[in-house]
Amino acid sequence: MQSAAHHLIVGGQRSGKSRQAERLAQGWLQRDPAHRVTVLATALAFDEEMRARITRHQADRPAGFETVEVPLSLSRALQANAAPGRLLLVDCLTLWLTNWLMPMSNQPDLEGWQRELQSLTALLPKLSSPVLFVSNEVGWGVSPMSREARFYVDELGRLNQAVAARCAQLTLMVAGQAWTRPVDAQARLQEPRL
């Protein structure tokens, strides 16, 4: 399959992004008994609250979804798990970026992040599986006070644009409601500035 099969789901925190992605993935499973779904989970549990969130997400996942933990090497995991008849669900790009730019145990790896982003954007058009991406839309509020937070918000916006340009559909989640539209073919042809 080509990048036309990919789908980006964005929204604010608790907007229903993961639930919508899981509904779409369940629909994929129901179309063909040979279909499979693999969730590529990017969260790291550094405190009790995050452990509870991860546990809740795992418990809420539909039966039959395989899960692979992928805190950093998303491109490699996409390539390793892609197969005809398998849908990949990435939940979520926001935490994946956080792991690169705001690691809890050491300094950000900006060069590694740029290599990984370039690898991801080059891989998506060639991937043999459709991918559902989940990501937050964080740039609608007041500009953050710290330089690091502004850099993160800018990078997430660039990441979302780069992924959207390689997807056929984009869904904005608002209060649990999905607003879906095809990605403009012209927008897909234009390379976002990374």
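Rules and cut-offs
- Residues numbered from 1 in each chain as written.
- Predicted model: local features only at pLDDT ≥ 70, side-chain atom pairs only at ≥ 80, totals over all residues.
- Heavy atoms only, no water.
- Salt bridge = Lys/Arg side-chain N within 4 Å of Asp/Glu carboxyl O.
- Helix = DSSP H or I, 4+ residues; strand = E, 2+ residues; numbered from the N terminus.
- Buried < 20%, exposed > 50% of the residue type's maximum accessible area, 1.4 Å probe, protein only.
- Phe/Tyr/Trp six-rings, centres within 6.5 Å; stacked < 30°, edge-to-face > 60°.

Draft legend 1. Local environment of the pattern of salt bridges. For the structure shown, the criterion picks out three salt bridges. A salt bridge links E66 to R86, with the nearest nitrogen and oxygen atoms 3.4 Å apart. Of the two residues, E66 sits in strand β3 (residues 65-69) while R86 sits in strand β4 (residues 86-91), which places them 20 residues apart along the sequence. For E66, a relative accessible area of 36% puts it in the partly exposed group. Residue E148 pairs with R147 through a salt bridge whose shortest N-O separation is 3.6 Å. For E148, a relative accessible area of 49% corresponds to the partly exposed category.

Draft legend 2. Broad picture of the packing of aromatic side chains. A complete count under the given rule lists one aromatic pair for this structure. Between the aromatic rings of W96 and W113, the centroid separation amounts to 5.0 Å while the plane-to-plane angle is 70°, which identifies the pairing as edge-to-face. Here W113 lies in helix α5 (residues 110-123) and W96 lies in helix α4 (residues 93-101), a separation of 17 residues in the sequence.

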